Amino acid sequence: MNNFYLEDQQLQRLVKRYLPPDFFTWANKQLDDFGAHCAGAISERAVHTDRDGEPRLIKYDKFGNEISKVWVNEGYQKTVQETYDTGIVGYIHKDIPELGHKGNYVYAFTQGYLLSQAEAGFYCPVTLTKATAYLLDRYATEAIKQRFLPHVLATGEDELYEGATFLTERQGGSDVGANEVKAELAGSYYQLTGEKYFASNAGTCGVAMVLARTAGGAPGTKGLSLFAVPWEENRVNGKLRIRRLKDKLGVRAVPSVEVEFFRQKVI
Ligand SMILES: Cc1cc2nc3c(=O)[nH]c(=O)nc-3n(C[C@H](O)[C@H](O)[C@H](O)COP(=O)(O)OP(=O)(O)OC[C@H]3O[C@@H](n4cnc5c(N)ncnc54)[C@H](O)[C@@H]3O)c2cc1C
């Protein structure tokens, strides 16, 4: 296939039906371009990432210091930048300059449908970033929004922070209420201690949304709170450690890890 959008008439019919006419005229051209890009360069990079360029964990630097860095190949990095620059996350929450209004989830999910045909492991981090943007936009205080949202919604003008969502612990995947990671107040912020057992986009995210339990809270899900964890500052300060990358059967393009927190500063 040369263009995942143009060669899918049913998809084009659905997009036309569900987008307002002025938005459709703009989106139709963008989806045509993105559909060709996904079937072309992005697909080529996907093959490379899946076969011999998959993410790797660099656990130590040359001096033996533990650094918990995740390496991704150059094509992967290029795909990330180009994809977010289309507004796949940003335009759900902020105005599209040419139109003067926001996009919507129909448009964003259509972009995701095209991208995931190249590689589901490229789209997975986008869905995590979408969830992070939604949570921050809807529930965060003004100060937290100002700190993270311009980066999470970046379309080229600001440094991009991809998002992540860490729920699963060894004893609790479906059973989120069994979560044990602790959050303790330390002045104006919280510190996390404990382990998350299946954390996708760790190492490549700028901010992660992490579930943890504050002291004296109710048992089960009612006692859980959600924290915004700035990744890089905590990694550099040795407040988190990636234990290992998961050896998955599929979606190997996205790094999924086990991560430990050591009295980590969060918000
Ligand atoms: C590729 C991949 C990426 C992931 N990325 C993340 C991530 O970024 N962040 C994150 O937090 N987690 C992530 N996870 C973990 C995922 O959320 C968990 O695997 C999922 O929640 C299931 O939990 P579990 O693996 O502990 O399985 P379990 O909860 O132990 O379930 C095992 C089996 O038991 C069944 N089961 C469980 N409870 C019940 C019940 N009450 N009644 C009947 N049947 C039941 C389930 O359907 C399943 O078949 C990822 C997993 C994968 C595979």
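Quick caveat, the model's predicted, so the values are computed rather than measured.

K.L.:
What should I look at first to understand the layout of surface pockets in this one?
P.N.:
Where empty space is left can be seen by rolling a probe of water-molecule size over the atoms. Taken as a whole, the largest pocket encloses approximately 630 Å³ of empty space. For the largest pocket, the lining is made up of 23 residues, of which Glu-159, Leu-160, Gly-203, Thr-204 and Cys-205 are closest to its centre. When residues of the lining of the largest pocket are traced back to their parent elements, those giving at least two are strand 2 (66-71), helix 3 (74-85), helix 7 (142-152) and helix 8 (231-236). Taken together, the residues of the lining of the largest pocket break down into 10 nonpolar, six polar and seven charged.

K.L.:
Sorry if this is basic, but what is going on with the packing of aromatic side chains here?
P.N.:
What describes a pair of aromatic rings is the distance from one ring centre to the other and the angle between the planes of the rings. Across all of its chains, the model carries nine aromatic pairs by this definition. For the pair Phe-23 and Trp-26, a centre-to-centre distance of 6.1 Å together with 25° between the ring planes defines the contact as stacked. Here Phe-23 and its partner Trp-26 are both found in helix 2 (residues 21-51), three residues apart, which amounts to about one turn of the helix. Among the aromatic side chains, those forming a connected cluster through ring pairs are Phe-23, Trp-26, Tyr-91 and Tyr-107. Sitting above the plane of the Tyr-197 ring, Lys-246 keeps its charged end 3.5 Å from the centroid. Directly above the ring of Phe-198 sits Lys-246, whose terminal nitrogen or CZ lies 5.1 Å from the centroid.

K.L.:
Looking at this structure, how should I read the environment of Pro-150?
P.N.:
Examined against the element boundaries, Pro-150 turns out to sit in helix 7. Along the sequence, Pro-150 and Asp-85 sit 65 residues apart, while their C-alpha atoms lie 13 Å from each other. Apart from the residues within four sequence positions on either side, Pro-150 is in contact with Lys-145 and Asp-158.

K.L.:
Explanation requested: empty space enclosed by the protein in the structure shown.
P.N.:
Going through the model one piece at a time under the given rule, you end up with one cavity of 30 Å³ or more. By volume, the largest cavity amounts to about 70 Å³. Lining the largest cavity, in full, are Tyr-76, Thr-79, Val-80, Thr-83, Tyr-84, Leu-115, Phe-122, Pro-125, Val-126 and Glu-162. At the level of secondary structure, the elements contributing two or more residues to the lining of the largest cavity comprise helix 3 and helix 6 (120-139). Ranked by residue count, the leading element in the lining of the largest cavity is helix 3, at five residues. Class assignment of the residues belonging to the lining of the largest cavity gives a composition of seven nonpolar, two polar and one charged.

K.L.:
What exactly am I supposed to notice about the nonpolar core here?
P.N.:
Side chains of nonpolar character tend, in soluble globular proteins, to be buried together. One finds Leu-114, Leu-115 and Leu-136 to be the most contacted residues of the largest nonpolar core, which totals 44 residues. When contributions to this core are tallied by element, the ones reaching two or more residues are helix 1 (9-18), helix 2, helix 3, helix 5 (105-118), helix 6, helix 7 and strand 8 (207-214). It is helix 2 that contributes the most residues to this core, 10 residues altogether. In this structure Leu-115 touches Phe-34, Cys-38, Ile-42, Thr-83, Phe-122, Tyr-123 and Val-126, once residues within four positions along its chain are discounted. Grouped together as the second largest cluster of nonpolar side chains are 20 residues, Leu-192, Ala-199, Ala-212 and Phe-227 included.

K.L.:
Whenever I open this one, the side chain of Glu-169 confuses me. Can you help?
P.N.:
One can find Glu-169 in the loop between strand 5 (165-166) and strand 6 (182-186). A residue is classified by how much of its surface remains accessible, and Glu-169, at 3% relative accessible area, is buried. At a separation of 3.2 Å, a polar atom in the side chain of Glu-169 contacts the main-chain amide nitrogen of Val-181.

Conventions we followed
- Sequence order as written defines the numbering, with residues in each chain counted from 1.
- Local features in this predicted model are restricted to residues whose pLDDT is 70 or higher, and side-chain atom pairs enter the listing and the counts only when it is 80 or higher, whereas totals over whole chains, interfaces and linings include all residues.
- Here the side-chain values reflect all heavy atoms present in the structure, with hydrogen atoms and water set aside.
- Whether a set of points on the 1 Å grid over the protein atoms alone is a cavity depends on a 1.4 Å probe fitting there but being unable to get out, while an open set qualifies as a pocket with protein on both sides within 12 Å along at least five of seven lines; lining residues are those with an atom within 4 Å of a point.
- Grid points are joined across faces, edges and corners, and a volume is the space filled by probe spheres set on the points.
- Counting from the N terminus, the helices are the DSSP runs of H or I reaching at least four residues and the strands are the DSSP runs of E reaching at least two.
- Nonpolar residues are Ala, Val, Leu, Ile, Met, Phe, Trp, Tyr, Cys and Pro. Charged residues are Asp, Glu, Lys and Arg, and all others, Gly as well, are polar.
- Between 30 and 60 degrees the pair is tilted, below 30 it is stacked and above 60 it is edge-to-face, where a pair is any two Phe, Tyr or Trp rings, Trp via its six-membered ring, whose centres lie within 6.5 Å.
- Only Lys NZ and Arg CZ are tested; either one counts as a charge over a ring when it is within 6 Å of the ring centre and within 35 degrees of the ring normal.
- A contact between two residues is defined here by any heavy atoms of the two lying within 4.5 Å.
- We call a set of buried residues a nonpolar core when its members are Ala, Val, Leu, Ile, Met, Phe, Trp, Tyr or Cys and they connect through side-chain atoms within 4.5 Å of each other.
- Here the term buried applies to any residue with accessible area under 20% of the maximum for its type, exposed to any over 50%, and partly exposed to those in between, with areas from a 1.4 Å probe on protein chains only.
- The definition of a polar contact used here is a pair of N or O atoms within 3.5 Å, where within protein one atom must be able to donate a hydrogen and the other to accept one, and adjacent residues in sequence count solely through side-chain atom pairs.

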